[in-house]
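Remarks on the overall topology
Given next are the chains, with one letter for each unit.
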Amino acid sequence: MDIKTHFIRMADYNQRMNGQIYKACAKLTADQLRRDCGAFFRSPLGILNHILVGDLLWLSRFSLHAQGYTSLIALKALPSPVALDELLYEDFTSLIAARERVDTAIKQWLVSEVGDDDFNRTLRYRNSRGQVSEREFAGLVSHLFNHQTHHRGQLSTVLFQYHIDVGVTDLLIDIPDLQEAAHQQNSPD
């Protein structure tokens with residue numbers, strides 16, 4: 001599998017998991033969404049906002065990597081975070097809308113705008129403390145998805161404490177079973 005196809009699969013997984021997490025969080029009361037549960041970003045709302053903050057920071061940096069990343073440039077209409085623990089959206093409905101917009105943009109960007117050569121270059125950027133770094137772009141895109149997975153795992157634990165199951169979280173169900181596909185192809189209709 002080429003790296004672009006891998007990242008498109010990760011975008012699909014990301015979108016599925018964010019849908020599941022938000023659906024599970026919708027079962028919480030407004031108080032439960034905001035209650036400090038001892039997690040690093042305190043509340044479920046804090047964790048969800050942190051994931052979005054991380055995405056917006058990275059996607060803003062990515063938007064400068066090559067010409068034609070219009071899906072990412074369009075995200076500049078959303079709030080620009082300044083702190084990793086910032087609550088960009090205290091209203092859950094607005095947070096859902098922003099999350100869906102970002103997930104759609106990530107998928108569009110990967111499918112239609114990123115060139116294979118883009119992954120083989122480095123990205124020079126300034127982090128949230130102002131330090132300049134230069135790293136391989138493909139590794140940074142991996143980090144974007146890994147960061148979300150890490151914090152969704154934390155949120156899954158918090159939700160479990162409320163007796164809410166987010167469902168299957170494994171990437172495995174998004175990877176086609178080639179044995180099953182071959183069997184279906186060979187079976188008579």
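Everything below is about the structure shown above.
Residues numbered from 1 in each chain as written. Predicted model: local features only at pLDDT ≥ 70, side-chain atom pairs only at ≥ 80, totals over all residues. Heavy atoms only, no water.

Some points on helix H5 (residues 92-113)
Rules: Here a strand is any run of E in DSSP of at least two residues, a helix any run of H or I of at least four, and the numbering for each starts at the N terminus. Residue count minus one, scaled by 1.5 Å, sets the expected span of a helix. Relative accessibility thresholds used throughout: buried, under 20% of the residue-type maximum; exposed, over 50%; partly exposed, between the two (1.4 Å probe, protein chains only). The directions from the helix axis to the C-beta atoms form the arc being described. Should any heavy atoms of two residues lie within 4.5 Å, those residues are counted as being in contact.
If you check H5, its first and last C-alpha atoms are 30 Å apart, about what 22 residues at 1.5 Å a residue would give, namely 32 Å. Of the residues making up H5, those classed as buried are Phe92, Leu95, Ala98, Arg99, Val102, Asp103, Ala105, Ile106, Trp109, Leu110 and Glu113. For H5, the angular spread of the buried residues around the axis is 160°, confining them to a single face. For H5, the secondary structure elements touched by its buried residues are helix H1 (3-25), helix H2 (30-34), helix H3 (44-62), helix H4 (70-73) and helix H6 (137-161).

Considering the side chain of Ser63
We count it as follows: Identification of polar contacts relies on pairs of N or O atoms within 3.5 Å, with a donor-acceptor requirement for protein atoms, meaning one able to donate a hydrogen and the other able to accept it, and with residues adjacent in sequence counted only if both atoms are side-chain atoms.
Take Ser63: it is sitting in the loop between H3 and H4. By relative accessible area, Ser63 is classed as buried at 5%. A polar contact of 2.6 Å, which involves the side chain of Ser63, links it to the backbone oxygen of Ser60. Look past the residues within four positions of Ser63 in its chain and what remains in contact with it is Tyr69, Leu72, Ile73 and Lys76.

Let's talk about H3
Helix length check: H3 (19 residues) gives 27 Å between terminal C-alpha atoms against 27 Å at 1.5 Å per residue, within 8%. By the criterion of burial, H3 is predominantly enclosed, with 18 of the 19 residues buried.

Description of the packing of aromatic side chains
Put simply, the test is: Note on aromatic contacts: the rings of Phe and Tyr and the six-membered ring of Trp form a pair at centre separations within 6.5 Å, being stacked when their planes are under 30 degrees apart, edge-to-face when over 60 apart, and tilted otherwise. Our definition puts a charge over a ring when NZ of Lys or CZ of Arg is within 6 Å of the ring centre and also within 35 degrees of the ring normal.
Using the criterion set out here, one finds eleven aromatic pairs in the structure. Note on Tyr22 and Phe92: the rings are 5.8 Å apart at their centroids and 15° apart in plane angle, and the pair reads as stacked. Here Tyr22 is found in helix H1, whereas its partner Phe92 is found in helix H5, with 70 residues between them in sequence. Of the two residues, Tyr22 and Phe92, neither departs from the other in class, the shared state being buried. Aromatic ring contacts, followed pair by pair, group Phe7, Trp58, Phe62, Tyr69, Trp109, Phe119, Tyr125, Phe137 and Phe145 into a single cluster. If you follow Arg61 out to its NZ or CZ, it ends over the ring of Trp58, 4.4 Å from the centre.

So, the pairing of strand E1 (residues 122-126)
Cut-off, in case you're wondering: DSSP-based pairing: two strands are paired if at least 2 bridges between them are found.
Side chains of E1 alternate between two faces, with Leu123 and Tyr125 buried and Thr122, Arg124 and Arg126 left unburied. Judged from the five bridges that link them, E1 and strand E2 (residues 132-136) form a sheet pairing that is antiparallel. Note that in E2 the partner of Arg126 across the bridge is Val132. Between the end of E1 and the start of E2, which pair antiparallel, lie five residues, with Gly130 showing a positive phi angle near 90°.

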